[in-house]
Amino acid sequence: MQFLASIPSPSNGAIELGPLTIHMYGLTLLAAIGVAIWITGTRWVNRGGDWDLIFRCAVWGVGAGIVGARLYHVATSWSEVPEEWWGAFAIWKGGLGVWGGIAAGVIVGAVIAKRAGADVRLLADCLAPGLLVAQAVGRIGNWWNQELYGRVTDLPWGLEIDPAHRPLASLGEATYHPAFLYEALWNLLAAALLVYLIERRFHPRPPGLFALYVALYSFGRFWIELVRIDPANDILGLRVNTWVSGLVCIAGIVWFVVSQRRGREATAAPPKGPRMDVPKSRVRPGG
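In this text, all values refer to a predicted model and were calculated from it rather than measured experimentally.

Scoring rules and cut-offs
Starting afresh in each chain, residues are numbered from 1 along the sequence in its written order. A pLDDT threshold of at least 70 governs which residues receive local features in this predicted model, and a stricter bar of 80 or more applies before side-chain atom pairs are shown or counted, although totals over entire chains, interfaces and linings include all residues. Side-chain numbers here rest on the full set of heavy atoms in the structure, without hydrogens or water. Secondary structure counts use DSSP, requiring at least four H or I residues in a row for a helix and at least two E residues in a row for a strand, with both numbered from the N terminus. Summary of the burial criterion: residues with accessible area below 20% of their type's maximum are buried, those above 50% are exposed, and those between are partly exposed, where the area comes from a 1.4 Å probe applied to protein chains only. The contact criterion used throughout is that any non-hydrogen atoms of two residues lie within 4.5 Å. Accessible areas in this description were obtained via Shrake-Rupley with a 1.4 Å probe; residue shielding takes into account the shown protein chains only. Put simply, two rings from Phe, Tyr or Trp (the six-membered ring, in Trp's case) pair if the centres are within 6.5 Å, and we call them stacked under 30 degrees between planes, edge-to-face over 60, tilted for the rest. Criterion used throughout: strands pair if DSSP finds at least two bridges between them. Remark: nonpolar core denotes a set of buried residues (Ala, Val, Leu, Ile, Met, Phe, Trp, Tyr, Cys) joined through side-chain atoms within 4.5 Å. Here an axis means a line fitted to C-alpha atoms, over the contact stretch when the element is a helix, while the angle between two N-to-C directions is reported on a 0 to 180 degree scale. The cut-offs work like this: below 35 degrees is roughly parallel, past 145 is roughly antiparallel, 65 to 115 is roughly perpendicular, and the gaps in between are oblique. For a crossing to be left-handed, the near helix must be turned anticlockwise from the far one by less than a right angle; the clockwise case is right-handed. When residue character is reported, Ala, Val, Leu, Ile, Met, Phe, Trp, Tyr, Cys and Pro are called nonpolar, Asp, Glu, Lys and Arg charged, and the others, Gly included, polar. pLDDT expresses, on a scale from 0 to 100, how confident the predictor is about each individual residue.

**Student:** Would you mind going over the overall build of the protein in detail, with residue names and values included?
**Tutor:** Assigned secondary structure in the protein consists of eight helices and six strands. Listed N to C, the secondary structure of the protein is β-β-α-α-α-α-α-β-β-α-α-β-β-α in terms of helices and strands. Across the 287 residues in the protein, those meeting the buried criterion constitute 44%. For the protein, long-range pairs separated by at least 24 residues make up 70% of all intrachain contacts whose partners lie at least 6 apart in sequence. A total of about 16,700 Å² of accessible surface is found on the protein, and carbon and sulfur atoms cover 67% of it.

**Student:** Account for the environment of V248, naming residues and giving values.
**Tutor:** Assignment of secondary structure puts V248 in helix 8 (residues 240-268). Separated by 34 residues in sequence, V248 and V214 have C-alpha atoms that sit 7.1 Å apart. For V248, the contacting residues outside a window of four places in its chain are W99, V214 and S218.

**Student:** Run through the packing of aromatic side chains, naming residues and quoting values.
**Tutor:** Across all of its chains, the model carries 10 aromatic pairs by this definition. Ring geometry for Y149 and Y176: centres 5.3 Å apart, planes at 55°, overall tilted. Of this pair, Y149 sits in the loop between helix 5 (140-144) and strand 3 (159-160) while Y176 sits in strand 4 (residues 175-176); the two residues are 27 residues apart in sequence, bridging distant segments of the chain. With a relative accessible area of 4%, Y149 lands in the buried category. Taking the relative accessible area as the measure of exposure, Y176 reaches 0% and is therefore buried. With 6.4 Å between their ring centres and 20° between their planes, Y213 and Y217 make a pair best called stacked.

**Student:** Pulling in residues and values, what's your account of the pairing of strand 1 (residues 14-17)?
**Tutor:** As paired elements, strand 1 and strand 2 (residues 20-23) share four bridges and run antiparallel to each other. Pairing of E16 across the sheet is with T21, part of strand 2. Where strand 1 hands over to strand 2, the hairpin turn is made up of two residues, of which G18 adopts a positive phi near 65°.

**Student:** An account of the nonpolar core is requested, with residue identities and associated values reported.
**Tutor:** Membership of the largest hydrophobic core comes to 22 residues, with the highest contact counts inside it found for L132, L194, F210, Y213 and Y217. Elements with a contribution of two residues or more to this core: helix 3 (98-115), helix 4 (120-138), helix 6 (179-202) and helix 7 (208-227). Non-local contacts of L132, meaning those with residues more than four positions away in its chain, are made with N187, A190, A191, L194, Y213 and Y217. I7, Y149, Y176 and Y182 belong to the second largest nonpolar core, which has 10 residues in total.

**Student:** Residues and numbers for the packing of helix 3 against helix 4, please.
**Tutor:** Here helix 3 crosses helix 4 at 150°, and the two axes come no closer than 11 Å. Between helix 3 and helix 4, the angle is such that the two are roughly antiparallel. Crossing handedness for the pair helix 3 and helix 4: right-handed. Two secondary-structure elements touch here, helix 3 through V98, I102, V106, A110, A113 and K114 and helix 4 through V120, L123, L127, L131 and Q135. A class-by-class count of the residues in the contact of helix 3 with helix 4 yields nine nonpolar, one polar and one charged.

**Student:** Before we move on, could you go through the environment of A113 and cite the residues and values that matter?
**Tutor:** Tracing the chain through its elements places A113 in helix 3. A relative accessible area of 0% means that A113 is categorised as buried. It is 8.6 Å that separates the C-alpha atoms of A113 and R56, two residues lying 57 residues apart in sequence. When sequence neighbours within four positions are dropped, the list of residues in contact with A113 reads L53, C57, A118, V120 and L123.

**Student:** So what about the side chain of S170? Which residues, and what values?
**Tutor:** For S170, the position within the fold is in the loop between strand 3 and strand 4. Residues within four places of S170 in sequence aside, it is in contact with V152 and Y176.

**Student:** Lay out the confidence of the model for the protein with the relevant residues and their values.
**Tutor:** Residues with a pLDDT of 70 or more make up 84% of the protein, whose mean pLDDT is 86. This model gives residues 273-287 a pLDDT under 50, and the stretch forms one contact once residues within four places in sequence are excluded.

**Student:** I'd like a description of unusual backbone geometry, backed by residues and values.
**Tutor:** Cis rather than trans, the peptide bond between P206 and P207 has omega equal to 0°. Mapped onto the elements of the fold, P207 is located in the loop between helix 6 and helix 7. You will see that L148, though not glycine, has its phi angle at about 60°, which is positive. Relative to the elements of secondary structure, L148 occurs in the loop between helix 5 and strand 3. Despite not being glycine, L236 has its phi angle at roughly 55°, a positive value.

In structure tokens:
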């Protein structure tokens, strides 16, 4: 018995409330930002921090993240940008690159935290699972815009795509792999692994948890990119984001190993302090 024949897609990504138009993509992004702030703030406060720093980092980090995400999309998928003067700013039509958004937001947030005298590495570990859950929530926005889907499929969970959003090569096909859903589920699984397995059992040294977030998310994104067929620029036959995912995954693994090795070396090093050697001039023969 099939519980799902297919997953329907919204016919419209906006809701009209009189003169007001609410774009569900943007509303979903706001929900994702709220989730990231709540999870990060709760974890930070439980470790002795305060909410004021989280709010300050969020204000600057979110703004920088949106700019970075749009710049990344425009730079890597310029053919998908509307050919109008406002095309580069049309984030309500989708087109926010996760890589640029996370990089810009984290860097700016780290600068704010550093200037406040906070432990940036610990704060990064508090942020890691919140980012994953937020990215899972944000992927719902792709469902509203009928984007981020994969190859044609007849599986029970195939995603219905309207003809206007289908590739020209498969206009006659109605259902596709819901790549957005695959990524959302992978992000939630990775967040659970970070918190309930890696953090609680192995207690990695900061920023080990954030480094593993980078590796886990990138690994999932790598195989999901292999499923996608929506238009994208490629290098040597692979999508740009596939290359980015693979390289960032390797970088995350290396970062984790180095961070944990440095932690062990710091623990094993003898404490620094004044030497207690007896001066030779005071040592008496036979004494």
